[in-house]
Amino acid sequence: MSAEDLENYETDMELALYREYRDVVGLFSYVVETERRFYLANQVDLQVRSAAGEVYFELTLADAWVWDVYRSARFVKSVRVVTFKDVNVEELAKPELDLGGSAGFAR
């Protein structure tokens, strides 16, 4: 396998992952970013902890999807992350239920 073949394979995998993300993002309430991973989740509990003068974050997610091209199963029941780095949690806006033509339903 050439370097170009490997690069093309990785590009195809990233594109497939992006498409999966686009398809599932509407199922989740939160986007969570850590220094190592990107998650979608429906429940998020972020706790600030302190030990020996160091501050760290303990993050627990339920009903989550993990952005990781190398995982065979990206849907997980629960995730626990402990990190000394930044954590970003954003609540996703939920569009109003549209039963008109834009949702694919004919009247």
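Residue numbers here run from 1 along each chain, matching the order of that chain's written sequence. With pLDDT at 70 or above as the cut-off, local features in this predicted model cover only qualifying residues; side-chain atom pairs require 80 or more to be listed or tallied, and sums for whole chains, interfaces and linings still use all residues. The basis for every side-chain value is the complete set of non-hydrogen atoms in the structure, without hydrogens or water.

- The protein chain is annotated in an unreviewed UniProt entry as DUF2469 domain-containing protein from Cellulomonas fengjieae.

A short note on the packing of aromatic side chains
Alright, step 1. Paired rings are identified among Phe, Tyr and Trp, the last through its six-membered ring, by centres lying within 6.5 Å, and are further divided according to the angle between planes into stacked (under 30 degrees), edge-to-face (over 60) and tilted (the rest). Under the criterion given, the structure shown has eight aromatic pairs.
Alright, step 2. Taking the centre distance of 6.5 Å and the plane angle of 35° together, the rings of tyrosine 18 and tyrosine 21 count as tilted. Taken as a pair, tyrosine 18 and tyrosine 21 lie in helix H1 (residues 3-24) at a separation of three residues, close to a single helical turn.
Alright, step 3. Here the aromatic rings of tyrosine 56 and phenylalanine 84 are separated by 5.8 Å at their centres, their planes lie at 55°, and the arrangement is tilted. In this pair, tyrosine 56 sits in strand E3 (residues 54-67) while phenylalanine 84 sits in the loop between strand E4 (75-83) and strand E5 (88-91), placing the two residues 28 residues apart along the sequence. Under the scheme used here, helices are H or I runs from DSSP no shorter than 4 residues and strands are E runs no shorter than 2 residues, and both carry numbers assigned from the N terminus.

Comments concerning the sheet that holds E5
Alright, step 1. Across the sheet, five strands lie side by side as E4-E3-E2-E1-E5; this open sheet has antiparallel pairing. Looking at the sheet topology across the chains shown, the edges are occupied by E4 and E5. Here the average twist between neighbouring strands, direction ignored, is 25°.
Alright, step 2. By definition, two strands form a pair when at least two bridges between them are found by DSSP. Two strands pair when backbone bridges link them, and strand E2 (residues 38-51) and E3 are joined in this way by 13 bridges, in the antiparallel orientation. Residue pairing across strands places arginine 49 opposite tyrosine 56, the latter belonging to E3. A fitted line through C-alpha atoms serves as each axis, taken over the contacting stretch for helices, and the angle formed by two N-to-C directions is quoted from 0 to 180°.

With respect to the pattern of salt bridges
Alright, step 1. One side-chain nitrogen of Lys or Arg within 4 Å of one carboxyl oxygen of Asp or Glu is enough to make a salt bridge. On inspection of all chains with the given rule, the structure shows four salt bridges.
Alright, step 2. A salt bridge links glutamate 20 to arginine 74; the shortest N-O distance between them is 2.7 Å. Here arginine 74 lies in the loop between E3 and E4 and glutamate 20 lies in helix H1, a separation of 54 residues in the sequence.
Alright, step 3. A single network of salt bridges, built from pairs that share partners, joins Arg49, Glu58 and Arg80.

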